[in-house]
Amino acid sequence: MATTAVTPDRDAVVGEIHIAAPPARVFQALTDAAQLKQWFTDPSCPIHLWEMDARLGGRYRYNTEAGTAVVNNVREFECHGEIVEFDPPRLLVYTWFGNWHDNKSIRTVVRWELTPQAGGTHVKVTHSGLASLPIARKDYTGGWVGVLDMLKKFTEKGSG
């Protein structure tokens, strides 16, 4: 089961989980657009589009259809950014701009760290740059738990 915590400076949400799959498999699920569209979705905000150019300097974007989730009066979520660190299968870091953020121009950063462990991979995701985004930070505190749980379920069933 995933856990999340807000850092003492309130700038980041850190989520962690153990996944019974090798780092290469988890990394593939995080960087392949077709796989992202399968698992990075939820009935409360169903994915409409996922694009991922998985390389240093590559860009990604996704958007959802209207669901039941509402954050900052937004029901159709759009997010985009650029990959700023790329070291398969252990590290993926990208900028993150979301249309539901308190201030849409603030650059936040998502950092995925994959560490081999007995029986699988320790996954740590850190979403930073949230100090001045209290509504988004609160949303991510619960949101990253769900994302990690969906990633675990998808990678452990052997899809892809």
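Keep in mind the model is a prediction, meaning the values are calculated, not measured.

Chemist: Which parts of the structure should I look at to understand the pairing of strand S2 (residues 12-19)?
Modeler: Regular strands have side chains that alternate between both faces of the sheet. Among the 8 residues of S2, 6 are classified as buried, and the element is accordingly described as predominantly covered. Pairing of strand S1 (residues 3-6) with S2 involves 4 bridges; the strand directions are antiparallel. Counterpart to Thr 4 in the pairing with S2 is Gly 15. Following S1, the chain reverses through 5 residues before pairing antiparallel with S2; Arg 10 in that reversal takes a positive phi of roughly 65°. Note: S2 against strand S8 (residues 120-128), 8 bridges, orientation antiparallel. Paired with Gly 15 across the two strands is Val 125, which belongs to S8.

Chemist: Would you take a moment to explain the packing of helix H1 (residues 23-31) against helix H3 (residues 134-156) for this structure?
Modeler: Packed helix pairs are characterised by how far apart their axes lie and by the angle those axes make with each other. Contact geometry of H1 with H3 gives a least axis separation of 10 Å together with a crossing angle of 120°. With respect to each other, H1 and H3 are oriented oblique. When you trace H1 past H3, the crossing you get is right-handed. For the pair H1 and H3, contact is made by Arg 25, Val 26, Ala 29 and Leu 30 and by Leu 151, Phe 154 and Thr 155, respectively. Looking at side-chain class alone, the contact of H1 with H3 contains 5 nonpolar, 1 polar and 1 charged residues.

Chemist: Would you explain the pairing of S8 in this entry?
Modeler: Bridge analysis of strand S7 (residues 108-117) against S8 gives 9 bridges, and the strand direction is antiparallel. By the bridge assignment, Trp 112 is partnered in S8 with Val 125.

Chemist: What should I look at first to understand the sheet that holds S7 in this one?
Modeler: Note on sheets: strands pair through backbone hydrogen bonds, and any given pair is parallel or antiparallel. Here we have 8 strands laid out as an open sheet, ordered S1-S2-S8-S7-S6-S5-S4-S3, and antiparallel in their pairing. Across the chains shown, the open sheet's two edge strands, defined by having one partner strand only, are S1 and strand S3 (47-52). Each strand axis lies, on average, 20° off the axis of its neighbour in the sheet, ignoring direction. On the sheet, H1 packs against S2, S3, strand S5 (78-87), strand S6 (91-98), S7 and S8 and is oriented at approximately 160° with respect to S7. Running over the sheet, H3 touches S1, S2, S6, S7 and S8 and is turned about 20° from S2.

Chemist: Would you mind going over the UniProt feature "domain: Activator of Hsp90 ATPase homologue 1/2-like C-terminal" (unreviewed entry) in the protein with me for this structure?
Modeler: Per the UniProt annotation, the sites labelled "domain: Activator of Hsp90 ATPase homologue 1/2-like C-terminal" (unreviewed entry) are residues 20-154. Secondary structure content for residues 20-154 is 27% helix and 36% strand, while the C-alpha to C-alpha distance between its ends is 11 Å.

Chemist: It is not clear to me how unusual backbone geometry should be interpreted in this structure. Could you clarify?
Modeler: For residues besides glycine, phi is generally negative; the peptide bonds are generally trans as well. With an omega of -5°, the peptide bond between Pro 88 and Pro 89 qualifies as cis. Tracing the sequence through the fold places Pro 89 in the loop between S5 and S6. Its identity is not glycine, yet Asn 73 carries a phi of approximately 65°, on the positive side.

The rules behind the values
- Residues numbered from 1 in each chain as written.
- Predicted model: local features only at pLDDT ≥ 70, side-chain atom pairs only at ≥ 80, totals over all residues.
- Heavy atoms only, no water.
- Buried < 20%, exposed > 50% of the residue type's maximum accessible area, 1.4 Å probe, protein only.
- Helix = DSSP H or I, 4+ residues; strand = E, 2+ residues; numbered from the N terminus.
- Pairing = 2+ DSSP bridges.
- Axes fitted to C-alpha atoms, helices over the stretch in contact; angles between N-to-C directions.
- Parallel < 35°, antiparallel > 145°, perpendicular 65-115°, else oblique.
- Left-handed = near helix turned anticlockwise from the far one by under 90°.
- Contact = heavy atoms within 4.5 Å.
- Nonpolar A, V, L, I, M, F, W, Y, C, P; charged D, E, K, R; others polar.
- UniProt positions renumbered as here; feature names shortened; annotations may be inferred.

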